[in-house]
Amino acid sequence: MVSASNTRPNITFIGGGNMAEAILGGLFASGHPGDRLRYSEPFEERRKYMQGKYPEITSETDNIKAIDGADVIVFAVKPQVLRTVVDNLSPAFRKNPSPLIISIVAGITTSDIVRWINSSESISLVRCMPNTPALLGEGAVGLYANDQVNSSQRATAESILSAVSKQVSWVDRESLIDSVTGLSGSGPAYFFLVMEAMQNAGIAMGLSSEDAKALTVQTCIGAARMALESEDDLATLRRKVTSPNGTTEAAVKSLEANNIRQTIMDGVLAAEHRSRELAAEMGKD
Ligand SMILES: NC(=O)C1=CN([C@@H]2O[C@H](COP(=O)(O)OP(=O)(O)OC[C@H]3O[C@@H](n4cnc5c(N)ncnc54)[C@H](OP(=O)(O)O)[C@@H]3O)[C@@H](O)[C@H]2O)C=CC1
Ligand SMILES: O=C(O)[C@@H]1CCC=N1
């Protein structure tokens, strides 16, 4: 439970990788005291990097020690190692039965995690899917709470993820977290791919690599800001760039003829499907 002397919870991250760093860094920057943040990271080189960058935050090598006294435990390891991590932690949950658990792990379901914890106590678990722009405080996150999560735990989970996310969406069906994974969890990669392709097109037309990248990236930022700030919907914004019989129309016709919409749909659905597949692979007994 959160001590009366400080309303900020003690938060432990299991795994000190990229996403843990993004969220820890965002929490620390937003004023969460470093002595109430902790992470466990077995990989020495990574731990040294984190210790150098965040000397105020406690680092551990031992997961059981790391969760001692934690109000909130965030699972931030790869899906393939989560089961071993949870199995090893499960005796410690008997000593500390009531932390809020937050999992950012792709695919793995709340029911599998609860089953692996194997506790007689009910487990409050929020499964969420952030994305890497969280590193800049520009993340988008979807969250799902199991039935044991109370309103104050929901608020705690939301405040942790919103320290690095501008868009926070709660979903009321867990399967929608797989959808969020396909859309925004993996989504930054789709935009990087499009930007790579646009940069290459710029180079092919004779621009320098630097100019092609800078023009592409600023176009992406400008378009994203217009999409965010304009009252027009996305289709209207597109039409406003597209003069009749002009250059954009030529491009859009070519893209549509090459099935760009279906291609993007297929990619997003493939990520969503892989999220479910990960659950099936890792959730087997
Ligand atoms: N990257 C992304 O865009 C997103 C990722 N996610 C999810 O976040 C999770 C973490 O991803 P990401 O940060 O990218 O991955 P990273 O590999 O950067 O981070 C995971 C960290 O956990 C460490 N680790 C491995 N085994 C253990 C263990 N037994 N105990 C404690 N720590 C351990 C790893 O060390 P080592 O390197 O030695 O194995 C690594 O440093 C994944 O489940 C992913 O699905 C969610 C949203 C977006
Ligand atoms: O590719 C992955 O599996 C993780 C989850 C979402 C983004 N990266």
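Residues numbered from 1 in each chain as written. Chains lettered and ligands numbered in written order. Predicted model: local features only at pLDDT ≥ 70, side-chain atom pairs only at ≥ 80, totals over all residues. Heavy atoms only, no water.

Quick reminder of the rule: UniProt positions are given in the numbering used here, feature names are shortened, and annotations may be inferred rather than shown by experiment.
Naming follows an unreviewed UniProt entry, where the protein chain appears as Pyrroline-5-carboxylate reductase of Phycomyces blakesleeanus. Turning to the protein chain, the UniProt annotation filed under Sequence similarities (unreviewed entry) states: "Belongs to the pyrroline-5-carboxylate reductase family."

## Here's the deal with the UniProt feature "domain: Pyrroline-5-carboxylate reductase dimerisation" (unreviewed entry) in the protein chain
For clarity, the threshold we go by: Under the DSSP-based scheme used, a helix requires at least four consecutive residues in state H or I and a strand at least two consecutive residues in state E, with every element numbered from the N terminus.
According to UniProt, the feature "domain: Pyrroline-5-carboxylate reductase dimerisation" (unreviewed entry) maps to residues 174-278 in the numbering used here. End C-alpha atoms of residues 174-278 are separated by 15 Å, and the span's content is 84% helix alongside 0% strand.

## Section: the pairing of strand E6 (residues 124-129)
Spelled out, the test is: Relative accessible area decides the class of each residue, using a 1.4 Å probe on protein chains only: under 20% of the type maximum gives buried, over 50% gives exposed, and in between gives partly exposed. Whether two strands pair comes down to DSSP finding at least two bridges between them.
Counting buried positions along E6 gives six out of six residues, so the element sits mostly inside the fold. Of the two faces of E6, both are covered, the one formed by Ser124, Val126 and Cys128 as well as the one formed by Leu125, Arg127 and Met129. Here strand E5 (residues 100-103) pairs with E6 via four bridges, running parallel. If you follow serine 103 over to E6, its bridge partner there is arginine 127.

## A closer look at the UniProt feature "binding site: NADPH" (unreviewed entry) in the protein chain
Using the following cut-off: Here, two residues are considered to be in contact whenever any of their heavy atoms come within 4.5 Å of each other. For this analysis, a polar contact is any N or O atom pair within 3.5 Å, provided that within protein one partner can donate a hydrogen and the other can accept it, and provided that sequence-adjacent residues contribute only side-chain to side-chain pairs.
UniProt's entry tags Asn63 with the feature "binding site: NADPH" (unreviewed entry), counted in the numbering of this structure. The partly exposed category is assigned to asparagine 63, whose relative accessible area is 21%. Those residues within four positions of asparagine 63 in sequence are excluded, and the remaining contacts are Ile14, Ser40, Val85 and Leu89. A distance of 2.4 Å separates the side chain of asparagine 63 from the side chain of serine 40, its partner in a polar contact.

## Quick word on the site of ligand 2
As a reminder, the rule being used: Note on terminology: near, applied to a residue and a molecule or strand, indicates that one of the residue's heavy atoms is within 4 Å of it. Methods summary: accessible areas were calculated by the Shrake-Rupley approach with a probe of 1.4 Å, and residue burial reflects only the protein chains presented. Gly is placed with the polar residues, together with every amino acid not listed as nonpolar (Ala, Val, Leu, Ile, Met, Phe, Trp, Tyr, Cys and Pro) or charged (Asp, Glu, Lys and Arg).
Inspection of the region around ligand 2 gives Ala106, Met129, Gly185 and Ser186 as its neighbouring residues. Out of a free accessible area of 240 Å², ligand 2 has 45% covered by protein chains. Classifying every residue of the shell around ligand 2 by side-chain character gives two nonpolar, two polar and no charged.

## Examining the sheet that holds strand E4 (residues 72-75)
The test is simple: Angles here are taken between N-to-C directions and fall from 0 to 180 degrees, while the axes themselves are lines fitted to C-alpha atoms, restricted in helices to the stretch in contact.
Spatially, eight strands are ordered E3-E2-E1-E4-E5-E6-E7-E8 in an open sheet, and the strand pairing comes out mixed. Edge positions in the sheet fall to strand E3 (58-60) and strand E8 (165-170), since each of these pairs with one other strand and no more. Pairwise comparison of adjacent strand axes, ignoring direction, gives a mean angle of 20° for this sheet. For strand E1 (residues 11-14) and strand E2 (residues 37-40), the ladder comprises four bridges, and the chain directions are parallel. Residue threonine 12 lies in a different strand from E2, and its bridge partner there is arginine 38. Contacts from helix H6 (residues 151-162) reach E1, E4, E5, E6, strand E7 (139-145) and E8, with the element oriented near 150° to E8.

## Points about unusual backbone geometry
In this model, asparagine 118 sits at a positive phi of 55°, which is unusual for a non-glycine residue. The residue asparagine 118 is located in the loop between helix H5 (110-117) and E6 in this model. Assessed through its relative accessible area of 52%, asparagine 118 is described here as exposed. Despite not being glycine, asparagine 245 shows a phi value in the positive range, around 60°. With respect to the element layout, asparagine 245 can be found in the loop between helix H10 (234-241) and helix H11 (247-257). Given a relative accessible area of 72%, asparagine 245 falls into the exposed group.

## A look at the domain arrangement of the protein chain
Here is the rule we go by: An automatic or database domain assignment supplies the start and end points of every domain.
Domain assignment breaks the protein chain into domain 1 (11-175) and domain 2 (187-277). On a C-alpha basis, the centroid separation for the pair domain 1 and domain 2 is 33 Å.

## Section: the pairing of E2
Condition: A crossover gets the label right-handed when its path from the first strand over the helix to the second runs clockwise, viewed with the strands pointing away from the viewer.
The parallel pair E1 and E2, bridged by helix H1 (residues 18-29), forms a crossover whose chirality is right-handed. Looking at chain direction, E2 and E3 are connected through three bridges and run parallel. The residue of E3 that forms the bridge with arginine 38 is threonine 58. What joins E2 to E3 is helix H2 (residues 44-53), and the crossover it makes is right-handed.

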